[in-house]
Amino acid sequence: MQKAAGEKILELLAAQAGAYVSGQALAQRFKVSRTFIWKQLAKLRDAGYKISSARKKGYCLLRPVDPLLPRLITEHLRTRKLGRKIVCYPLVTSTMDVAAELIAKGEREGTVVAAESQLRGRGRQGREWSSAHGMGLWLSVILEPRVSPLLASRLTLTAASAMAEAVEAVCDVSPQVKWPNDLYLDGRKLAGVLTEMSGEMDIVRHLVLGMGINVNSKAAEFPSTLRNQATSIYMVTGRHTDRRVLLAAFLRYFERYYSRLKKGDLQGMLAGWRQREMTLGRKVVVKRPRQELKGVAVNLGEDGALIVRRRDGVEERVYCGDVIIDGERQTPNVKRRMSNVESRKHGR
Amino acid sequence: MTAKKKVIKKRAVKAEKKKAGNPDLVVVEDIISIMDKAGLVEIEYERKGLFIGLRRSEGGGGVAPVASASVVPVAKAESAKQERPSNLVPIISPMVGTFYRAPSPEAAPFAEVGGEVKPDSVVCIVEAMKLMNEIKAEVNGRIVKIFLENGQPVEYGQEMFLVEKI
């Protein structure tokens, strides 16, 4: 049981649901020495798992209570292809990097890379993404869509929509979608999607879909720079969500849309999207590297573009840029952020 | 606009009767000639599941064309190819989006003029709707020209780099 030893011990501890297991019982169960068990537990702790040890009682997994382990995720899976192979890591630089390495080694469609924690989780253009240990889902899905790059750019929308539905089904709250790839709950960012692919002119062979969602994070676990812009399902509902159930639900909804997308059918997804889109009907500023566009977001195009009507009545199709809802804070300084927290408190 | 569409429709039907080969292409050709005559910058045409949207790139201010507007830029690339020595090959964009020369604003560019590239060297990223498309050089060579600046919009089929094959 050399290599997967840690994983097996973790599985067993997770199955105890907060109860203690003695070191001796573990040693007997896996037919190894207690010293070996002790070393493995030390490794798990180094990897970020909070495991308490008590004299005469043994060991207990405190956090996360729902460790991401392939066998425990597969139990909940209802998909045909996606997630049928899952690789889980306690800590990676980024699941996107791991997925890219796997593709280089010949990994095929459907494989999911999940991590409890990321050193350098990333967003668009190298922006920071905070991924605290065991508190969210940080994952990448390897896809071989074999569609034109024009269709592939709609995958990001599809993934965001699928996650919104999964959250609704599992957690009983309804996130809003902000074009093109963010999920918001109570006006703060809950999740983001990033898709990376290697360019080919006619057909997309490999593509990595990255998803980050704050599930059980508490406010204090966010870096201070993100604290007032980010939220988690726990922070809104006050309930703990089993990330493995949420992951399985996401893969199920996403697979359904994905197989339709491959046939060019976006209708179902777009209908759901329009219902959840928070920018529609609102004044927006589209920040692009070289020019800004101001107007009202009026619709979503069949191709996923955000249609913005300028003041002169001309409608522009937006494919790129950051959409800022007029009145939303952009890069607030510390003072403004503080005052915002105050006004929120008074508002409730 | 509806009156114009009717004219186009009539012409399209006529053209289709003439050529049974590729009716859609004939419609596109017709529309382009109408745009030329009338000096139109943008036109949309829809009929029985066929949607054609064309927009001239000049003065578009970075506005992306609709998905099926590939005909115009491709034709442009072809005419440019004729005047060019065969050892110079362009790297063209596979999609509408934003052109990025570096993985993040602080990072060094993927490629510089004079820099050597291998077939699997990443030269830039084209982004559309948060899909980051890493574009590879696909040839052994040296970058001789970069047509775009970081953050500029790019269209389907537009040339981004010129590479001298080695």
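Residues numbered from 1 in each chain as written. Chains lettered and ligands numbered in written order. Predicted model: local features only at pLDDT ≥ 70, side-chain atom pairs only at ≥ 80, totals over all residues. Heavy atoms only, no water.

(A) Fine view of the sheet that holds strand β5 (residues 116-117) of chain B. Residues and elements named next belong to chain B. With antiparallel pairing, the four strands of this open sheet are ordered in space as β3-β10-β8-β5. Looking at which strands have only one partner, the edges of the open sheet turn out to be β3 (88-92) and β5. Both β5 and strand β8 (residues 141-146) contribute to a ladder of two bridges, which runs antiparallel. When the bridges of β8 are listed, V117 appears paired with G141. (Pairing = 2+ DSSP bridges. Helix = DSSP H or I, 4+ residues; strand = E, 2+ residues; numbered from the N terminus.)

(B) Seen up close, the packing of aromatic side chains. Taken as a whole and judged by the stated rule, the model has three aromatic pairs over all chains. Between A:F250 and A:F254, the aromatic rings sit 5.7 Å apart at their centres with planes inclined by 15°, giving stacked as the arrangement. Taken together, the residues A:F250 and A:F254, both in helix α9 (residues 243-262) and four residues apart, mark about one turn of the helix. With a relative accessible area of 0%, A:F250 lands in the buried category. Here the aromatic rings of B:F99 and B:F161 are separated by 5.8 Å at their centres, their planes lie at 50°, and the arrangement is tilted. With B:F99 in strand β4 (residues 97-100) and B:F161 in strand β10 (residues 159-165), this pair connects stretches of sequence that are 62 residues apart. Residue B:F99 is classed as buried on the basis of its relative accessible area of 0%. Here the guanidinium or amino end of A:K218 rests over the ring plane of A:Y234, the centre of that ring lying 5.0 Å away. We note A:R256 situated over the ring of A:Y257; from NZ or CZ to the ring centre the distance is 5.8 Å. (Phe/Tyr/Trp six-rings, centres within 6.5 Å; stacked < 30°, edge-to-face > 60°. Buried < 20%, exposed > 50% of the residue type's maximum accessible area, 1.4 Å probe, protein only. Lys NZ or Arg CZ within 6 Å of the ring centre and 35° of its normal.)

(C) Region of the structure containing the pairing of β8(B). The pairing of β8(B) with β10(B) spans five bridges and is classified as antiparallel. Bridge pairing links B:R142 to B:E164 in β10(B).

(D) Looking closely at helix α10 (residues 267-276) of chain A. By the burial criterion, the buried members of α10(A) are A:M269, A:L270, A:G272, A:W273 and A:R276. Looking straight down α10(A), one finds its buried side chains confined to an arc of 165°; they lie on one side. (Arc of directions from axis to C-beta.)

(E) Broad picture of the environment of A:F36. All names here are of chain A. Inspection of the secondary structure assignment puts F36 in helix α3 (residues 34-46). The exposure class of F36 is buried, given its relative accessible area of 17%. Distance from F36 to I51, taken between C-alpha atoms, is 16 Å for residues 15 residues apart in sequence.

(F) Structural context of helix α5 (residues 95-104) of chain A. Residue and element names in this part refer to chain A. Of the positions making up α5, those classed as buried are T95, M96, V98, A99, L102 and I103. The buried residues of α5 occupy an angular sector of 160° when the element is viewed end-on, so they sit on one face. Structurally, α5 contributes buried residues whose contacts are with β3 (86-92), β4 (112-118), β5 (136-143), β8 (188-198) and β9 (207-214). The backbone nitrogen of M96 has a side-chain oxygen 3.0 Å away, supplied by the residue at the start of α5, namely S94. (Contact = heavy atoms within 4.5 Å. Polar contact = N/O pair within 3.5 Å; in protein donor to acceptor, adjacent residues only side chain to side chain.)

(G) The interface of chain B and chain A, seen in detail. At the interface, 36 residues of chain B touch 35 residues of chain A. Taken together, both faces of the contact between chain B and chain A bury some 3000 Å²; the carbon and sulfur share is 58%. Along the contact surface separating chain B from chain A lie one salt bridge. A salt bridge links A:D322 to B:K130; its shortest N-O distance comes to 3.7 Å. (Buried area = accessible area lost by both parts, 1.4 Å probe. Salt bridge = Lys/Arg side-chain N within 4 Å of Asp/Glu carboxyl O.)

(H) Quick look at the domain arrangement of chain A. Residue and element names in this part refer to chain A. Here chain A is partitioned into domain 1 (2-63), domain 2 (70-276) and domain 3 (283-325). Each of domain 2 and domain 3 was reduced to a C-alpha centroid, and the two centroids are 25 Å apart. In this assembly, domain 2 packs against domain 3 so that about 1100 Å² is buried in total across both faces, 52% of it on carbon and sulfur atoms. When residues of domain 2 are sorted by the area they lose upon contact with domain 3, K178, W179 and R274 head the list and together hold 55% of the total. Viewed at the interface, domain 3 and domain 2 are joined by one salt bridge. Residue E302 pairs with R274 through a salt bridge whose shortest N-O separation is 3.7 Å. Put simply, domain 2 and domain 3 have six residue pairs in polar contact (both at pLDDT 80 or more) between them. Ranked by the residues each element gives to the side of domain 2 that touches domain 3, the list is headed by α10, at four residues. A per-class count over the side of domain 2 that touches domain 3 returns five nonpolar, one polar and five charged. (Domains from an automatic or database assignment. Nonpolar A, V, L, I, M, F, W, Y, C, P; charged D, E, K, R; others polar.)

(I) Examining the packing of helix α1 (residues 5-15) of chain A against α3(A) more closely. Residues and elements named next belong to chain A. Across the interface, α1 lies against α3 with an axial gap of 10 Å and an inter-helix angle of 85°. Classified by the angle between their axes, α1 and α3 sit roughly perpendicular to one another. Residues A5, G6, I9, L10 and L13 of α1 touch α3, and the partners they reach there are F36, I37, Q40, L41 and L44. The class makeup of the residues in the contact of α1 with α3 is eight nonpolar, two polar and no charged. (Axes fitted to C-alpha atoms, helices over the stretch in contact; angles between N-to-C directions. Parallel < 35°, antiparallel > 145°, perpendicular 65-115°, else oblique.)

(J) Main features of the pattern of salt bridges. Residue and element names in this part refer to chain B. Within this structure, the stated rule accounts for 23 salt bridges over all chains. The partner of E116 in a salt bridge is R142, with the nearest N and O atoms 3.4 Å apart. A residue pair is termed long-range when its members are at least 10 positions apart, and E116 in strand β5 and R142 in strand β8 qualify at 26 residues. We classify E116 as exposed; its relative accessible area is 59%.

(K) Spatial organisation of the state of the cysteines. All names here are of chain A. Counted by the stated rule, this structure contains zero disulfides over all chains. The cysteine C88 is free of any disulfide, with C171 supplying the nearest cysteine sulfur at 19 Å. By relative accessible area, which is 15% here, C88 ends up buried. (Disulfide = S-S within 2.5 Å.)

(L) Focus on the environment of B:G157. For B:G157, the position within the fold is in the loop between β9 (153-154) and β10. Judged by relative accessible area, B:G157 falls into the buried class, the value being 5%. Between the C-alpha atoms of B:G157 and B:I91, which are 66 residues apart in sequence, the distance is 9.1 Å. The residues contacting B:G157, other than those within four sequence positions of it, are A:M201, B:I92 and B:S93.

(M) Inspection of the sheet that holds strand β12 (residues 306-309) of chain A at higher detail. Residues and elements named next belong to chain A. Here five strands make up an open sheet; going across it, the order is β13-β12-β11-β10-β14 and the pairing antiparallel. Edge positions in the open sheet fall to β13 (315-318) and β14 (322-325), since each of these has one partner strand only. Between one strand and the next, the sheet's axes are offset by a mean angle of 45°, whatever the strand orientation. Here strand β11 (residues 292-300) runs beside β12; their pairing, made up of four bridges, is antiparallel. Across the sheet, the residue bridging to L300 is L306, located in β12.

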